[in-house]
Amino acid sequence: MEQRKYIAIIAFLRKFMTVFFTLFFNIYILKIVNNDMNFILKYTVYSVILGFILEYLLLKIMNSRNAGLIYRMSFILSVISIILLIVFKENIIKYIYLFKTLDTMRSVFYSVPYENLIIGSSNNKSMSNYLANLNILESITTILTPMFSGFIIEKFSYNILFIILALEALLIIVVSMKIKDFIVQDNKMNLNEFWKIKKDKGYLKSIYKCMFFRRISSQGAIVELLPIILFSKLGTEFSFGNYNTLFALISIISLQFINNKNINKNFYPYMAIIIFISSLLVIFNTSFITLLIYYILMNSFGTIIESESCSAVYESIKINNLEKYRKEHIMTFNIYMFIGQIISYSLVYVLYNYFYNLNILSITVSILMLFLIIATVYLKKTESYLYKNR
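A short tour of the structure in this document, coming up. What you are looking at is a predicted structure, and each value in this text was computed from that prediction instead of being measured.

The rules behind the values
- Position numbers for residues count from 1 along each chain, tracking the sequence in the order it is written.
- The predicted nature of this model means local features are confined to residues of pLDDT at least 70 and side-chain atom pairs, given and counted, to a pLDDT of 80 or more, with totals for whole chains, interfaces and linings taken over all residues.
- Based on all heavy atoms of the structure, the side-chain values leave hydrogens and waters out of the count.
- What counts as a helix is a DSSP run of H or I of at least four residues, what counts as a strand is a run of E of at least two, and both are numbered from the N terminus.
- Relative accessible area decides the class of each residue, using a 1.4 Å probe on protein chains only: under 20% of the type maximum gives buried, over 50% gives exposed, and in between gives partly exposed.
- Here a residue-residue contact requires only that any non-hydrogen atoms of the pair lie within 4.5 Å.
- Method for areas: the Shrake-Rupley scheme with a 1.4 Å probe, in which residue coverage is limited to the protein chains shown.
- In the sections that follow, a salt bridge refers to a side-chain nitrogen of Lys or Arg positioned within 4 Å of a carboxyl oxygen of Asp or Glu.
- Here, axes are lines fitted to C-alpha atoms. For helices the fit covers the stretch in contact, and angles between N-to-C directions go from 0 to 180 degrees.
- By convention the crossing between two helices is left-handed if the near helix lies anticlockwise of the far one by an angle smaller than a right angle, and right-handed if it lies clockwise.
- Residues are sorted three ways: Asp, Glu, Lys and Arg are charged, Ala, Val, Leu, Ile, Met, Phe, Trp, Tyr, Cys and Pro are nonpolar, and all the rest, Gly among them, are polar.

**A few points about the overall build of the chain**
Scanning the chain for helices and strands turns up 15 helices and zero strands. Across the 390 residues in the chain, those meeting the buried criterion constitute 59%. Long-range pairs, those at least 24 residues apart, make up 86% of the contacts in the chain between residues at least 6 apart in sequence. Total accessible area on the chain is roughly 16,600 Å²; 63% of this is exposed by carbon and sulfur atoms.

This is the structure we're talking about:
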């Protein structure tokens, strides 16, 4: 399908920016604010809240006539956001909430149409394989970007990297013009009606709970914590980039394993338990080796859990004649994820400010990973149902 090709190309190109903002942006800010984690936690929570509000509004107003515009606006906002970084440089901290507003709009304006496109464009291929292939393509970018970004930062400057990212965002705008048909339902979102239906759908409750606990654990505050912890051990952006390139390779191998093998759903909780145990090792012996073991497991077992849970949440609305509730489904699992994220960041904030010691970040990671085990139990329940009803 032609549309899938352009979705994949954009996902591939956009991943360069995503990797930078995931791995390097907080490190860039942390250096400017003298390692003040509270500064990062505050603007991140602001982004989470703003993102949730924007998601709701977009799902209310989005239709076939404006979905393409919203989608392309995300790339225009990317250019504007990066220009702000180029212009203000280290003074960006004075305008951090303006920047995070534009950055959050950039992210949400992309993700809402994208989720609708993914659900609507994957009818002839299993959702699991399609998302795994997309993730593999994105992971190729993830292999190249950390090492490249670290090299540019260390040999030149952050500002040179910002210029490169701005040029890439312009290229994405050109590619996005190739996507003509946005498969978005024009019916108005009716959450009350959908919530009455989902009461009798145990598998939907299970996948929503999975997304809730996943956002507390592997997709919550830990997304900010892990790069900071690793960078504190390595000390330079280039070394940090090199190791993240290694982790990306491990992720690709794991995703390829999903494509070639049918993963036994009963193994998901055991994968999460092994990740949790490795996080405990980091507490008792906070060395680079224990941190490396944890990172490798997160980028292998964690990647498999991530890919399969995304597959399950998208596929769960495509059975029992529920696909007309696509918008309601997206909004509902985002409500669960929003609450999970707030809990995740609140937990980190309390631990960091009221129980601070040298090992508190490692302890926080272990606490968060405990919730990943619960997430995989609900993922297993959902996939059992989907397997029987495919």
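**Some thoughts on the pattern of salt bridges**
A side chain of one charge can pair with a side chain of the opposite charge when the charged atoms of the two come close. Evaluation of the coordinates by the stated rule reveals four salt bridges. A salt bridge links Lys31 to Glu237, with the shortest nitrogen-to-oxygen separation between them at 2.6 Å. Of this pair, Lys31 sits in helix H1 (residues 2–32) while Glu237 sits in helix H10 (residues 237–260), placing them 206 residues apart in sequence.

**Looking at the packing of helix H9 (residues 222–234) against helix H12 (residues 288–298)**
Between H9 and H12, the least distance of the axes is 11 Å, while the angle of their chain directions is 145°. The chirality of how H9 crosses H12 is left-handed. Residue-level inspection shows Ile222, Leu226, Pro227, Ile229, Leu230, Lys233 and Leu234 of H9 in contact with H12, the latter providing Phe288, Leu291, Tyr294 and Tyr295. Here the residues of the contact of H9 with H12 sort into ten nonpolar, no polar and one charged.

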